[in-house]
Amino acid sequence: MGEMKIFSGNANRRLAEDICRQLGVDVGKAVVTTFKNGETRVKIEEHVRGTDVFVIQPTSAPSDHHIMELLIMIDALRRASADRITAVVPYYAYAKQEKKTSGREPISAKLVANLIVTAGADRVVAMDLHAPAIQGFFDIPVDNLTAVPILAKHLDDRADGNVVVVSPDSGGVSRAEAFRYRVGAGLAIIAKQRPEPDEVEVLEMVGDVEGKIAVIVDDMISTGGTLIEAADLLAARGARSVFAYAVHAVLTDDAPGRIHNSSLERVVVTNTVPIPRECMDEKIEVIDVAWLIAQAIRRIHEGSSVSALFQAAPFPRQETLI
Ligand code: R5P
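Residues numbered from 1 in each chain as written. Predicted model: local features only at pLDDT ≥ 70, side-chain atom pairs only at ≥ 80, totals over all residues. Heavy atoms only, no water.

Explanation requested: the overall build of the chain in the structure shown.
In terms of regular secondary structure, the chain is built from 8 helices and 14 strands. Here the C-alpha atoms of the chain give a radius of gyration of 20 Å, agreeing with the 20 Å that 2.2 N^0.38 yields for 322 residues. For the chain, the spread of C-alpha atoms along the three principal axes comes to 60 × 45 × 35 Å. Scored against the burial criterion, the 322 residues of the chain give a buried share of 52%. In the chain, 64% of the contacts between residues at least 6 apart in sequence involve partners at least 24 apart. (Helix = DSSP H or I, 4+ residues; strand = E, 2+ residues; numbered from the N terminus. Rg over C-alpha atoms; globule rule 2.2 N^0.38 Å. Buried < 20%, exposed > 50% of the residue type's maximum accessible area, 1.4 Å probe, protein only. Contact = heavy atoms within 4.5 Å.)

Shown next, in the form of structure tokens:
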């Protein structure tokens, strides 16, 4: 592979800068803006012919706009003869629409995958995809990184050993299982349903949390409904305190206030998605994943194993940003 170059869209410029700092390179020069009519305008402002390019762009809100930025950047890089283009998408939007649950619905996660491949990406780096099977929506290599070791390390440095890790729904069991393996805790599983989109109803729980520290592990927080309903159930079942760890803080407007007024003691998230200042709350803590993504990029560039990164023990402690 030729020289490594890293470019960023506008979704999480700060994360891209932190990743570049870890790698000792500058963010590539590019104009990523909008024309007056609202269409995305991209101009790559440095030579990329024969280079190994990484485009960092979580598809966080406004997701449609950030997806278009990513696609148009990839197109520009391909037409400028970059040797290999890797789309680094730490948060992959539309992932919850990864299957039809009733007639006449789209599979939007597959459509987004098709768009990224058609634009010209040669490989994808994601993090904690909502459904790991989304990797199969791409006919190019996908590295689905996980922040679980970083989050588990954060808990491990603080917990007193009386912890039960809780999956707030059946889809999150393998993530909770991986987390509890790292911290040596018990496991509980909640059954939830969504009577309407963005509404949550918890049905039952398997496992014992009486007198224990309950730690909910999830891939993302959107409305906060899943965490709050789960926390209420855990408190009702006698948990001593309830904490939550989630990778993507896709916080909708009312989520921080709902978290603030909930029975959750603390909510730890990562910086895959930028968190606006007005969404920050004293209960929310943000952990840096730039190091992890930088390590993955370095290994991909050098042609070495990415999965070996996750076998490192002990996993290094990461900076708390806020
Ligand atoms: C499953 O639906 C996901 O893993 C999360 O639990 C969900 O996206 C969280 O959304 P909300 O915060 O709106 O309940």
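Looking at this structure, how should I read the packing of helix α1 (residues 13-23) against helix α8 (residues 290-302)?
Axes are the key here: two packed helices are described by the angle between their axes and the distance separating the axes. Direction vectors running N to C along α1 and α8 enclose 60°, while the axes themselves pass 8 Å from each other. With respect to their mutual orientation, α1 and α8 come out oblique. As for how α1 packs across α8, the hand of that crossing is right-handed. In this structure, α1 uses L15, D18, I19, Q22 and L23 to contact α8, whose residues at the interface are A290, W291, I293, A294, I297 and R298. (Axes fitted to C-alpha atoms, helices over the stretch in contact; angles between N-to-C directions. Parallel < 35°, antiparallel > 145°, perpendicular 65-115°, else oblique. Left-handed = near helix turned anticlockwise from the far one by under 90°.)

Just to check I follow, could you spell out the site of the ligand for this structure?
The environment of the ligand is formed by 15 residues, the closest being K96, D218, D219, T223 and T226. The side chain of T223 places a nitrogen or oxygen atom 2.6 Å from an oxygen atom of the ligand. One of the backbone N or O atoms of G224 is found 2.8 Å from an oxygen atom in the ligand. Contributing elements (two or more residues each) for the shell around the ligand: β11 (213-221) and α6 (225-236). Per-element accounting of the shell around the ligand gives the leading share, 4 residues, to β11. Along the lines of polarity and charge, the residues of the shell around the ligand split into 3 nonpolar, 6 polar and 6 charged. (Near = heavy atom within 4 Å. Polar contact = N/O pair within 3.5 Å; in protein donor to acceptor, adjacent residues only side chain to side chain. Nonpolar A, V, L, I, M, F, W, Y, C, P; charged D, E, K, R; others polar.)

How should the side chain of Q318 be read in this particular structure?
Inspection of the secondary structure assignment puts Q318 in the segment after α8. Ignoring sequence-local partners within four residues, the contact set of Q318 consists of I150, I287, D288 and W291.

Can you walk me through the domain arrangement of the chain in this structure?
Often, the extent of an interface is quoted as the loss of accessible area upon association of its parts. For the chain, the assigned domains are domain 1 (4-146 + 290-311) and domain 2 (148-287). With 16 residues of domain 1 at the contact, the number on the domain 2 side is 16 residues. Of the roughly 1,400 Å² buried at the junction of domain 1 and domain 2 (both faces included), carbon and sulfur atoms supply 55%. The largest share of the area that domain 1 buries against domain 2 comes from Y91, K96 and D128, three residues that together contribute 37% of it. Here domain 1 is connected to domain 2 by 1 salt bridge. Counting across the domain 1 and domain 2 interface gives 8 residue pairs in polar contact (both at pLDDT 80 or more). Looking at the side of domain 1 that touches domain 2, its residues break down into 10 nonpolar, 4 polar and 2 charged. (Domains from an automatic or database assignment. Buried area = accessible area lost by both parts, 1.4 Å probe. Salt bridge = Lys/Arg side-chain N within 4 Å of Asp/Glu carboxyl O.)

What is the right way to read unusual backbone geometry from this model?
The bulk of non-glycine residues show a negative phi, and the bulk of peptide bonds are trans. With an omega dihedral of -5°, the bond running from A61 to P62 counts as a cis peptide bond. Residue placement: P62 occurs in the loop between β4 (52-56) and α2 (63-79). One non-glycine residue, Y94, lies in the positive phi region at around 65°. Tracing the backbone shows Y94 in the loop between β5 (84-89) and α3 (108-119). Here Y94 falls in the partly exposed class, since its relative accessible area comes to 28%.

In this structure, what is going on with the pattern of salt bridges? I would like to understand it.
Where charged atoms of side chains with opposite charge meet at close range, the side chains can pair. Taken as a whole and judged by the stated rule, the model has 17 salt bridges. Between R317 and D157 there is a salt bridge whose closest N-O contact spans 3.5 Å. Residue R317 is located in the segment after α8, and its partner D157 is located in the loop between α4 (148-156) and β8 (163-167); the two are separated by 160 residues in the primary sequence. Judged by its relative accessible area of 34%, D157 falls in the partly exposed class. E285 serves as the salt-bridge partner of R266, at 2.7 Å between the closest nitrogen and oxygen. Here the residue R266 occupies a position in strand β13 (residues 266-270), and E285 occupies one in strand β14 (residues 284-287), the gap between them amounting to 19 residues. E285 gets classed as buried once you look at its relative accessible area, which sits at 6%. Where salt bridges share partners, they join R14, D18 and R21 into one cluster.

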